[in-house]
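# Per-entry structural report
In case you want the letters, here they are:
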Amino acid sequence: MTAFAAPPLRPTRNSIADPIFRTICFFAATLLLAALGGVVVSLGIGGWPAFHKFGLAFFTSTTWNPVTEVYGAAGPVVGTLITSLLALAISLPIAIGVAVFLTELCPRVLAGPLALAVELLAGIPSIVYGMWGLFVFAPFFALHVQLPLMMSAAPGSIWETLFAGVPNGANLLSASIILSIMILPYMAAVFRELLRTVPPQLREAAFGLGCTPLEVVQSVMLPYVRRGSVGVVMLGLGRALGETMAVTFVIGNSHALPKSLFDSGSTIASTIANEFTEATGEMHTSALVALGFVLFVITFAVLAVARLLLAGQRQV
Amino acid sequence: MLKTIAAAVGAVMVMGATAQAADLSGAGATFPAPVYAKWAEAYRAQTGVGLNYQAIGSGGGIKQIKARTVDFGASDKPLKLEELNGAGLFQFPTVMGGVVPVMNLPGIKPGQIHLTGGVLASIYLGNIKKWNDPQIAALNRGVALPNLPITVVHRSDGSGTTFLFASYLSMKSPAWAGRVGASDSVEWPTGLGGKGNDGVAAFVKQTIGSIGYVEYAYAKQNHATYALVQNKAGQFPAPEAANFAAAAAGANWAKAPGNYLLLLDQPGPQAWPITGATFILVYKNQANAAAGEGVLKFFDWAYKGGDNMALGLDYVPLPAPVKALIRKQWVSQVTAGGKPVYVSR
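Calculation rules
Residues numbered from 1 in each chain as written. Chains lettered and ligands numbered in written order. Predicted model: local features only at pLDDT ≥ 70, side-chain atom pairs only at ≥ 80, totals over all residues. Heavy atoms only, no water. Axes fitted to C-alpha atoms, helices over the stretch in contact; angles between N-to-C directions. Helix = DSSP H or I, 4+ residues; strand = E, 2+ residues; numbered from the N terminus. Parallel < 35°, antiparallel > 145°, perpendicular 65-115°, else oblique. Left-handed = near helix turned anticlockwise from the far one by under 90°. Contact = heavy atoms within 4.5 Å. Phe/Tyr/Trp six-rings, centres within 6.5 Å; stacked < 30°, edge-to-face > 60°. Buried < 20%, exposed > 50% of the residue type's maximum accessible area, 1.4 Å probe, protein only. 1 Å grid on protein atoms, 1.4 Å probe; cavity = no way out; pocket = protein on both sides within 12 Å on 5 of 7 lines; lining within 4 Å. Points joined across faces, edges and corners; volume = space filled by probe spheres on them. Nonpolar A, V, L, I, M, F, W, Y, C, P; charged D, E, K, R; others polar. Patch = residues over 30% accessible without salt bridge, like charges linked within 9 Å, V, L, I, M, F, W, Y side chains within 5 Å. Areas by Shrake-Rupley, 256 points an atom, 1.4 Å probe, with all protein chains shown as cover. Salt bridge = Lys/Arg side-chain N within 4 Å of Asp/Glu carboxyl O. Buried area = accessible area lost by both parts, 1.4 Å probe. Polar contact = N/O pair within 3.5 Å; in protein donor to acceptor, adjacent residues only side chain to side chain. Pairing = 2+ DSSP bridges. Expected span 1.5 Å × (residues − 1). Bend = angle between axes of the 7 residues up to and from the residue. Core = buried A, V, L, I, M, F, W, Y, C linked by side-chain atoms within 4.5 Å.

We now examine the packing of helix α5 (residues 126–152) of chain A against helix α7 (residues 172–196) of chain A. All names here are of chain A. In the contact formed by α5 and α7, the axes pass within 10 Å of each other and the chain directions differ by 135°. Taken together, α5 and α7 sit at an angle that is classed as oblique. Read as a crossing pair, α5 and α7 show a hand that is right-handed. Each of S126, Y129, W132, G133, F137 and F141 in α5 lies in contact with α7, whose residues at this interface are L173, S174, I177, I178, I181 and M182.

This is the structure in structure tokens:
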């Protein structure tokens with residue numbers, strides 16, 4: 001960052017200002033690192049009693065019993081991964097569609113308002129999504145999606161297992177759909193910026209060769225932004241992993257391993273949000289902090305994988 | 001690109017109310033927060049003394065008073081005498097509430113279904129699976145019970161309401177006590193969890209054949225289809241303010257060490273069986289006499305003139321004899337430098 005310092009027009013003054021500027025920038029950067037390190041360390045210390053007491057069982061057991069103080073996080077961990085990945089799978093094609101439409105196909109008059117609308121979605125607080133999900137989306141989903149699917153599933157088929165559950169809209173799939181709506185604006189906005197980085201010469205050359213818009217997008221633009229789109233995916237995944245309030249309202253909050261798409265489940269973030277305020281026992285608090293640590297590790301792993309993928313693609 | 005991301009990050013964390021220039025500070029349970037706020041407003045108008053109450057949850061309230069960062073803590077769950085003595089704390093009740101089972105059954109009117117604690121426990125254990133089960137039918141002769149599966153709804157967040165409900169089921173059902181037990185959150189054998197009273201009520205409303213439990217004020221304001229639960233006297237009282245008060249009046253506060261009293265399954269023909277009070281925690285030995293006196297003066301004032309404000313918010317005030325007993329305990333138990341900080345007037 002220090003390379004951005006102004007050229008030395010008046011050397012006498014800058015010889016004082018420059019070192020100060022460097023120091024400030026250095027401290028700003030280290031402060032951030034120190035804060036990050038502090039979070040990791042305090043989560044580790046707070047969660048240590050739980051990790052120490054339950055060991056590997058903390059990750060494999062689905063028992064979450066505040067009365068006997070036995071905690072296993074398999075349910076929330078699996079729930080977090082399933083909802084985030086499902087949300088990503090739903091959201092990614094739509095985000096690409098939105099971005100391509102806005103940059104390529106949309107009439108100029110519409111492009112501005114549409115882009116604004118997408119970005120407005122990102123400004124809605126997550127609690128509002130949660131309440132909308134609970135009072136509006138869940139009943140609609142139960143009546144018009146869940147019930148028909150459950151009733152049309154042939155007895156004994158895999159669909160019957162997949163669609164089993166209580167038809168009230170509080171389940172893994174509706175949580176994933178709410179999540180996908182929440183991460184969509186971020187992904188679409190970044191994807192649109194990415195598509196704009198495609199050099200106009202490339203596009204125009206492709207059109208000049210007689211490509212249709214589909215072919216231009218498919219063979220020129222998407223390959224060009226392939227590297228950056230990994231970042232888009234990870235951005236969406238990172239946000240989905242940590243999303244709390246909206247999920248808490250519609251996921252049904254059961255600590256067991258989910259058995260179907262329409263089963264209730266829980267995520268790490270929803271479990272912490274639910275139980276932290278009233279957790280009086282030492283081990284209960286520790287188990288929740290340990291959950292926080294696990295979430296941190298998962299998020300970190302996602303970022304690390306993204307970096308690796310990016311590095312791999314750079315060499316191609 | 002960074003700009004877009006920055007612009008898009010719009011999540012807003014709603015923090016608790018920031019501290020004004022307040023003379024008294026307290027923290028804890030969320031359940032009584034509305035009535036404490038109402039009292040504080042009226043008290044400030046009368047006396048000029050403000051109260052800064054942070055509704056951070058009972059667990060947080062207990063931690064904060066133990067860390068001596070507040071003048072008083074508040075908890076929906078009373079502490080046992082050993083824990084109080086260990087920390088040098090004294091606790092007293094302020095207002096009461098009750099837990100009411102609510103249902104979604106087509107064609108059934110509020111109060112039409114009668115249940116016992118044992119049957120309620122079997123439902124929540126997942127042993128009774130249908131509404132026309134013989135055990136429910138035996139309590140409801142003449143009621144056309146539908147052949148519907150029962151969907152159990154419970155709180156997902158840790159809550160004093162859950163503590164009361166699970167404690168009651170533990171009292172009435174050895175199977176529940178052995179398998180689940182009682183706490184702010186428990187390992188539910190079946191069913192789905194809604195966040196807060198709203199969450200439970202919404203799931204019950206959306207699921208035909210469901211049963212849930214909510215705070216009395218919530219059941220009342222939403223005109224929910226409630227079930228009647230048999231009390232110790234064998235009666236089925238309605239969930240009404242007078243019947244919660246009856247539970248508190250019938251309870252033997254004088255013989256409850258450290259005021260540890262759950263008001264569950266109390267004697268008296270009118271007593272609603274799942275009733276509970278919410279509690280205040282203060283130090284027995286006050287380091288700061290003025291702050292200690294301020295807290296007790298505030299609650300003395302609330303005992304005297306706060307009943308109507310509490311009733312207006314659908315809380316149940318304590319019966320007069322209980323208040324008189326608590327005032328005596330203030331004099332005998334809460335001191336600063338060996339002298340009582342509260343002088344009864």
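The subject of this paragraph is the packing of aromatic side chains. Residue and element names in this part refer to chain A. Here the structure, examined in full by the defined rule, presents 35 aromatic pairs over all chains. Summarising the aromatic geometry, the rings of F51 and F59 are spaced 5.9 Å apart at their centres and angled 15° between planes, so their arrangement reads as stacked. Judged by its relative accessible area of 16%, F51 is buried. Given the relative accessible area of 39%, F59 is considered partly exposed.

Further remarks concern the layout of surface pockets. One number sums up the size of the second largest pocket: a volume of about 840 Å³. Lining the second largest pocket are 43 residues, and of these S254(A), S264(A), T190(B), G191(B) and L192(B) sit closest to its centre. Sorting the residues of the lining of the second largest pocket by element identifies α12 (268–275) of chain A together with β6 (151–155) of chain B as the ones contributing at least two each. Among the elements that take part in the lining of the second largest pocket, β6(B) stands out by supplying 4 residues, more than any other. Among the residues forming the lining of the second largest pocket, the class breakdown is 18 nonpolar, 19 polar and 6 charged.

The next subject is a nonpolar patch on the surface. Among the surface-exposed residues, I127(A), V128(A), M131(A), W132(A), F135(A) and V136(A) lie close enough to one another that they form a single nonpolar patch of about 510 Å² accessible area. Inspection of the secondary structure puts F135(A) in helix α5.

Each partner contributes residues to the interface: chain B has 38 residues there, and chain A has 35 residues. In total, about 2,900 Å² of surface goes out of reach between chain B and chain A, with carbon and sulfur atoms giving 58% of it. Taken together, chain B and chain A are joined by 0 salt bridges. At the surface where chain B touches chain A, the tally comes to 9 residue pairs in polar contact (both at pLDDT 80 or more). Secondary-structure elements contributing two or more residues to the side of chain B that touches chain A are α1 (2–8), α3 (58–66), β6, β7 (192–194) and α9 (196–206) of chain B. Among the elements that take part in the side of chain B that touches chain A, α3(B) stands out by supplying 5 residues, more than any other. Residues of the side of chain B that touches chain A, tallied by class, amount to 12 nonpolar, 20 polar and 6 charged.

So, on to the pairing of strand β3 (residues 72–75) of chain B. All names here are of chain B. Where burial is concerned, the two faces of β3 agree: the one with F72 and A74 and the one with G73 and S75 are both buried. Of the pairings in the sheet, the one linking β3 to strand β11 (residues 275–283) comprises 3 bridges and is antiparallel in character. Looking at β11, one finds that G73 is bridged to L281.

What follows concerns helix α7 (residues 160–172) of chain B. All names here are of chain B. In this model α7 runs 18 Å from its N-terminal to its C-terminal C-alpha over 13 residues, within 8% of the 18 Å that 1.5 Å per residue would give. Along α7, 11 of the 13 residues are buried, which leaves the element largely enclosed by surrounding structure. Looking at α7, one finds that the buried residues are G160, T161, T162, F163, L164, F165, A166, S167, Y168, L169 and S170. The residue sitting at the N-terminus of α7 and contributing the capping side-chain oxygen is S159; that oxygen lies 2.8 Å from the backbone nitrogen of T161.

With that settled, consider the pairing of strand β4 (residues 89–103) of chain B. Residues in a regular strand point their side chains to alternate faces of the sheet. Residue and element names in this part refer to chain B. The buried count for β4 comes to 15 of 15 residues, which makes it a mostly enclosed element. In terms of strand pairing, β4 meets β11 through 8 bridges, oriented antiparallel. Residue pairing for β11: L89 is matched across the bridge by Y283. Examined bridge by bridge, β4 and strand β12 (residues 316–317) share 2 bridges and lie antiparallel to one another. Across the sheet, residue V95 finds its bridge partner in β12, namely P317.

Moving on, we come to the environment of F26(A). Residues and elements named next belong to chain A. Looking at the element boundaries, F26 is found in helix α1 (residues 11–54). The class of F26 is exposed, set by a relative accessible area of 51%. Along the backbone, F26 and A142 are 116 residues apart, and their C-alpha atoms lie at a distance of 54 Å.

Moving on: unusual backbone geometry. Excluding glycine, residues mostly have negative phi values, and the peptide bonds linking residues are mostly trans. Residues and elements named next belong to chain B. With phi around 50°, H223 is a residue other than glycine that occupies positive phi space. Mapped onto the secondary structure, H223 falls in the loop between α10 (216–221) and β9 (225–226). For H223, a relative accessible area of 69% gives the class exposed. Despite not being glycine, L263 shows a phi value in the positive range, around 60°. Within the fold, L263 resides in the loop between α11 (241–250) and β11.

Attention now goes to the environment of W253(B). Residues and elements named next belong to chain B. Within the secondary structure layout, W253 lies in the loop between α11 and β11. You can call W253 buried: its relative accessible area is 3%. Counting along the chain gives 20 residues from W253 to A233, while the straight-line C-alpha distance between them is 19 Å. Dropping the residues within four chain positions of it, W253 is found in contact with P93, A248, N259, L261, L263, A277, F279, V322 and L325. Polar contacts involving the side chain of W253 include one to the main-chain carbonyl oxygen of A248, which spans 3.2 Å.

An α-helix turns once per 3.6 residues; consequently, residues spaced three or four apart project the same way. With 27 residues, α5(A) should reach 39 Å at 1.5 Å per residue; the first-to-last C-alpha distance of 33 Å falls well below that figure. The sharpest bend along α5(A) comes to roughly 45°, located at G133(A). Looking at α5(A), one finds that the buried residues are S126(A), Y129(A), G130(A), G133(A), L134(A), F137(A), A138(A), F141(A), A142(A) and Q146(A). Those residues of α5(A) that are buried lie in contact with α4 (108–123), α7 and α11 (245–250) of chain A together with α9 of chain B.

Moving on, we get to the nonpolar core. One finds F58(A), W39(B), F92(B), I123(B), Y124(B), I211(B) and F299(B) to be the most contacted residues of the largest nonpolar core, which totals 165 residues. Among the elements that take part in this core, α7(A) stands out by supplying 14 residues, more than any other. Filtering out sequence-adjacent residues up to four positions away, W39(B) remains in contact with T94(B), V95(B), F298(B), F299(B), W301(B), A302(B), G306(B), M309(B) and A310(B). Listed in part, the 9 residues of the second largest apolar core include I65(B), L79(B), L89(B) and Y283(B).

Residues and elements named next belong to chain A. Close contact between helix α3 (residues 74–105) and α4 brings their axes to 10 Å; oriented N to C, the two are set at 155°. Between α3 and α4, the crossing angle belongs to the class labelled roughly antiparallel. You can see that α3 and α4 cross each other, and the crossing is left-handed. On α4, the residues that touch V98, F101 and L102 of α3 are A111, L114, A115 and V118.

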